[in-house]
Number of protein chains: 4
Amino acid sequence: MKRFAIMGSGGDAPGMNAAVKKFVDLALMRGIRPFLIQDGLEGLIDGRIREANHADVAGILHRGGCVIGSSRSKRFYDKRWRTVAYEQLQARGIEGLVVLGGDGSFRAMERFHEEFGVSFVGIPTTIDNDIYGTEYCLGVDTALNTVREALDRIYDTASTFGRAFVVEVMGRECGYLAAISALGSGAEICLIPEVDFDYDVAEARLRAQIAAGRRYVLAVVAEGTKQTGSLARWLEKTFSLETRVTVLGHVQRGGAPSSRDRLAGFEFAVYALTRLEEGEAAHVCVYRDGGYDFLPIKEVVSNRYTLDLTHLSMLNFLD
Amino acid sequence: MKRFAIMGSGGDAPGMNAAVKKFVDLALMRGIRPFLIQDGLEGLIDGRIREANHADVAGILHRGGCVIGSSRSKRFYDKRWRTVAYEQLQARGIEGLVVLGGDGSFRAMERFHEEFGVSFVGIPTTIDNDIYGTEYCLGVDTALNTVREALDRIYDTASTFGRAFVVEVMGRECGYLAAISALGSGAEICLIPEVDFDYDVAEARLRAQIAAGRRYVLAVVAEGTKQTGSLARWLEKTFSLETRVTVLGHVQRGGAPSSRDRLAGFEFAVYALTRLEEGEAAHVCVYRDGGYDFLPIKEVVSNRYTLDLTHLSMLNFLD
Amino acid sequence: MKRFAIMGSGGDAPGMNAAVKKFVDLALMRGIRPFLIQDGLEGLIDGRIREANHADVAGILHRGGCVIGSSRSKRFYDKRWRTVAYEQLQARGIEGLVVLGGDGSFRAMERFHEEFGVSFVGIPTTIDNDIYGTEYCLGVDTALNTVREALDRIYDTASTFGRAFVVEVMGRECGYLAAISALGSGAEICLIPEVDFDYDVAEARLRAQIAAGRRYVLAVVAEGTKQTGSLARWLEKTFSLETRVTVLGHVQRGGAPSSRDRLAGFEFAVYALTRLEEGEAAHVCVYRDGGYDFLPIKEVVSNRYTLDLTHLSMLNFLD
Amino acid sequence: MKRFAIMGSGGDAPGMNAAVKKFVDLALMRGIRPFLIQDGLEGLIDGRIREANHADVAGILHRGGCVIGSSRSKRFYDKRWRTVAYEQLQARGIEGLVVLGGDGSFRAMERFHEEFGVSFVGIPTTIDNDIYGTEYCLGVDTALNTVREALDRIYDTASTFGRAFVVEVMGRECGYLAAISALGSGAEICLIPEVDFDYDVAEARLRAQIAAGRRYVLAVVAEGTKQTGSLARWLEKTFSLETRVTVLGHVQRGGAPSSRDRLAGFEFAVYALTRLEEGEAAHVCVYRDGGYDFLPIKEVVSNRYTLDLTHLSMLNFLD
């Protein structure tokens, strides 16, 4: 019987539990022995690996976070520890890995595959939605809805009296979360790393709106722009609006996974496991054009995700 | 300047407000005069139609329901009233309609188009997700999450002590909502109109699970099967489990639209409006293979949506 | 060192986990050995009792349900099994019990105390809020908010088009949950076991409202009235309103406990444990006049909770 | 017929709409003419005052914010503008006011009453819960639950991998919101303005917990301590824990009012209106010992709210 393992790596995201559960349940159904690696690459190095059965993954679908943990591993940059990691897999006869993670984790796995020939399939998992080749990363939908709920709550009080609100959301290099959130909540301003914000144009536009009766301003800022504070001061100074800042932080990573992230977690896991069964793999499972596919890891990590500005523009966004 | 109108028709669904807002805002940006028809075909007949500006659709994105109302119209089956409806449009110079609705509404519009040449584009809107040619209908994602939250709550109490829970969800002819909800919540049983439920197979499977320690059973039933009561009695009798029934009803249609339904509402509206601008239309805007497209109304209403059982089976559903 | 145990009994309710956690943490702090009885009286009889430490109750505050389970026990009606239960406590040196439950459970404990002298303090726990002597039962606030969210969702769709909605909520003999929910959601009709619903008066009132523009009717019905179906038919027949029924069922018992139920769970547990420390007890911890107190079990089980109709009337409810 | 008006003043809070609705509905039932003052004292000065009927307050119960707006008024500090405000009331024959607000607003009203003899009853409304003489201020329960949901979400990701989380909540001078939130979510650290945080004691306690297996730290900080940043740096430096900050900001003021805040809004409004009917008033309606009462405005504004540290201590909080 084949033996495959699953692990989280890097930041966690809602929906990981659905993938873990489906990986285990489906493997057992197909006569594969499934293993869980606790706490990502750190746990792999330390051999915190256990064979799983149905009971290990019962009742986890509706939980946020990732029941098998995750980590960022500095040790794994060192070949010595990668060798240890490989030996841990060897000792248990594990031939392939499913890795829930992002760019950094995939790069680490690529090297691991080159050095030791370990098969793996990556499942793109990050609320930043910034992985090349896939239109969707596991966890994004839940995060979008968490941000949406926060913005809806702010809207309640915004419409009560005149103020400006600046809400910082996650996204170090990618403005996807910020842009879609701003769109869906009707924010007046959105700052993302991909687009230079034109303060003059924005001032003219807002002045016209305020003259026409606008009483409040809602701004969504991607953390990667590092402009949360300066935008707040600008709003206060330029429009004499009392301005309040919200920094959502890790609230965005938690919460019971949305319906879509549970389904996506299942589907990613089915495809990833099936791909491992088919033979040597060093791939990422991607979602595009409404379906699932695989890209060689090299292609994924050597390209950069770019936000579809045409799509946003079609929606009159940032105009 | 061209004049187009938008209206809801049939059952309401979350996300309609996003479509209405985008229709108005985009029309104004493109130099089109947008009109709102209140309360669907009934309002069209009675001439409850008003030209809209940005202020009319401000602050509606986060609201459930449909701010312009909707209706089912018996009068519209009568040619006399359709003639009145046509005259209402004529009197205002309205050349095209965007209709948020389902099969029944589209059929009505098809006849209206044949008789009077009124252009229209339908936006598939129903939480049943049962319209031919589109993978997604506006409102489904919000409904899925509402059902999910209810099932998550039941799960809390299910795991506290031994019981069976039967939850009836919407879906007269289509089991999509029930099937995806059951999947995402790990329900043990799911009854949908498309599949004959094999009580003997289910009994054997559950008996094995109960013998192995299972203490509760969660069942999701599509209302269209009309088996909610009989399934509850069967569970009670067969397994001696105290069985409780939940009928979610219209709770499933409400709630602030999810992030996805807001975005889908925007996108459907952009495509629909653009299609109207391009000339005579009697089409439905559909979402498939990850993008938007148009199908002739005839094709949509003369075919029947079929649930993708292969996909469900791939997820080991109903096995 | 003293040894006390805690258990759930009867229906579960949100907030029980907070009480369990505080019971254990505080006992350890005070030099008491805390025990957890699994699955209520059934677990007590079967000796599923384990000593607890901080780790056993970590991370449970935000979970719905009750981590130590609960049950209704038929065996406990039989003196033979009560003797077994007593011996289980004796064997472990457990001198007192905290029991999270309702009337039925308290009655069972009263007899248990009379026969074997086992000290106990009851914490009133039921979303029905129908226990004599206390203004608040653990779990009610979470249930009220769950019902509220469902009614808010229905309101969204109700205002979209003309219909009647009948929502059945829990409450076999007590209309508290139904009445407060109806009040807080502005329902037009509320049926509770304590008040005879006057169909004629209601008809006149609704006819006047419909004449003045009302388009929908929202009705909340306590399950104990058994009038859910007949009210729906009456609405349909009398006002020709398409009428939809929702039966919330066990959805009302689940969900992450509200802030208030967590605090109440803590407070009840602190008072209950403290009371056990003070010596022989056969009491229920009650909340009234803004504070906590104790009533002899005899007083609690021999009186019946009555809904404060004066209070409801002051709020123009049911007028 | 008597004429009374209602207005919001200062920061908004969930539940204000319930009070506004009950004020109007009850006044009409009692033969009083109810008026709504838009945007607080600013609207009073400018005469944005309109008589209200049932339709004006229909469908507002489930909305966050305050439909009649609110404001902070600098002009009202000037006797000239207070005179204008008085004349606005005189011109409409309005004899009494219900004011939903906090300390600052009550102080302004006290002077207004002294100068012009205008009767008023204040309803304590602030999510800070920091008004003297009342145990409960309208809006607190909803805010507590909003904070709780954010902390529950962070808990999901906290338990996935080792980190520290610092969450800043509202409360300039009062730690109520922070303290109850920290308690209800099992936070390890809580900083409030009323208590000096002992870093050495906390360090020793956390070191012991980390040695015993603790992997993450959750800290709740009241904004009034101004220690959010310094605490985050301390956690990072002292325990080498990657530390993430969340600043909830105005998210805490929004959201559909909880069941409790709707009921409290109703009750406060009933008592306030009734008090106005009884004759000259310069009072605040307070909730204590489980019931409602009135305190002279002088007593309320000349005393300072103090957090009940004994109660918190009883819950082993901050020990």
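Residues numbered from 1 in each chain as written. Chains lettered and ligands numbered in written order. Predicted model: local features only at pLDDT ≥ 70, side-chain atom pairs only at ≥ 80, totals over all residues.

Q: Report on the overall build of chain A, specifying residues and quantitative values.
A: Assigned secondary structure in chain A consists of 11 helices and 11 strands. Expected size for 319 residues packed as a compact globule is a radius of gyration near 20 Å; at 22 Å, chain A falls within 12% of this value. A principal-axis box enclosing the C-alpha atoms of chain A has dimensions of 70 × 35 × 35 Å. In chain A, buried positions account for 59% of the 319 residues. The contacts in chain A between residues at least 6 apart in sequence include a share of 76% that link residues at least 24 apart. (Helix = DSSP H or I, 4+ residues; strand = E, 2+ residues; numbered from the N terminus. Rg over C-alpha atoms; globule rule 2.2 N^0.38 Å. Buried ≥ 20, exposed ≤ 12 C-beta atoms within 10 Å, placed from the backbone. Contact = placed C-beta atoms within 7 Å.)

Q: Before we move on, could you go through the relation of the copies chain D and chain A and cite the residues and values that matter?
A: For the pair chain D and chain A, the best superposition has an RMSD of 0.0 Å and corresponds to a rotation of 180° with a translation of 0.0 Å parallel to the axis. Put plainly, the chains are arranged around a two-fold axis. Minimal C-alpha separation from the rotation axis in chain D is found for Val-247 of chain D, amounting to 2.4 Å. Comparing interface residues between copies, 100% of those in chain D also sit at the interface in chain A, which points to an isologous, same-surface contact. (Least-squares fit on C-alpha atoms with pLDDT ≥ 70 in both.)

Q: Just give me the short version of the interface of chain D and chain C, but keep the residues and values in it.
A: Counting residues at the interface gives 32 residues for chain D, matched by 32 residues for chain C. Looking at the side of chain D that touches chain C, its residues break down into 13 nonpolar, 11 polar and eight charged. (Nonpolar A, V, L, I, M, F, W, Y, C, P; charged D, E, K, R; others polar.)

Q: Please provide a residue-by-residue account of the packing of helix H1 (residues 16–29) of chain D against helix H9 (residues 259–277) of chain D, values included.
A: Residues and elements named next belong to chain D. In the contact formed by H1 and H9, the axes pass within 7 Å of each other and the chain directions differ by 40°. In this view, H1 runs oblique relative to H9, as classed from their interaxial angle. Crossing angle aside, the handedness with which H1 passes H9 is right-handed. Side by side, H1 and H9 meet where Met-16, Ala-18, Ala-19, Lys-22, Phe-23, Leu-26 and Ala-27 of the first sit next to Asp-261, Arg-262, Gly-265, Phe-266, Phe-268, Ala-269, Val-270 and Leu-273 of the second. (Axes fitted to C-alpha atoms, helices over the stretch in contact; angles between N-to-C directions. Parallel < 35°, antiparallel > 145°, perpendicular 65-115°, else oblique. Left-handed = near helix turned anticlockwise from the far one by under 90°.)

Q: Got a sec to walk through the domain arrangement of chain A? Specific residues and values, please.
A: All names here are of chain A. Per the domain assignment, the segments making up chain A are domain 1 (3–139 + 257–303) and domain 2 (141–253). Computed over C-alpha atoms, the centres of domain 1 and domain 2 are 35 Å apart. Each partner contributes to the interface: domain 1 provides 14 residues, whereas domain 2 provides 13 residues. Looking at the side of domain 1 that touches domain 2, its residues break down into four nonpolar, five polar and five charged. (Domains from an automatic or database assignment.)

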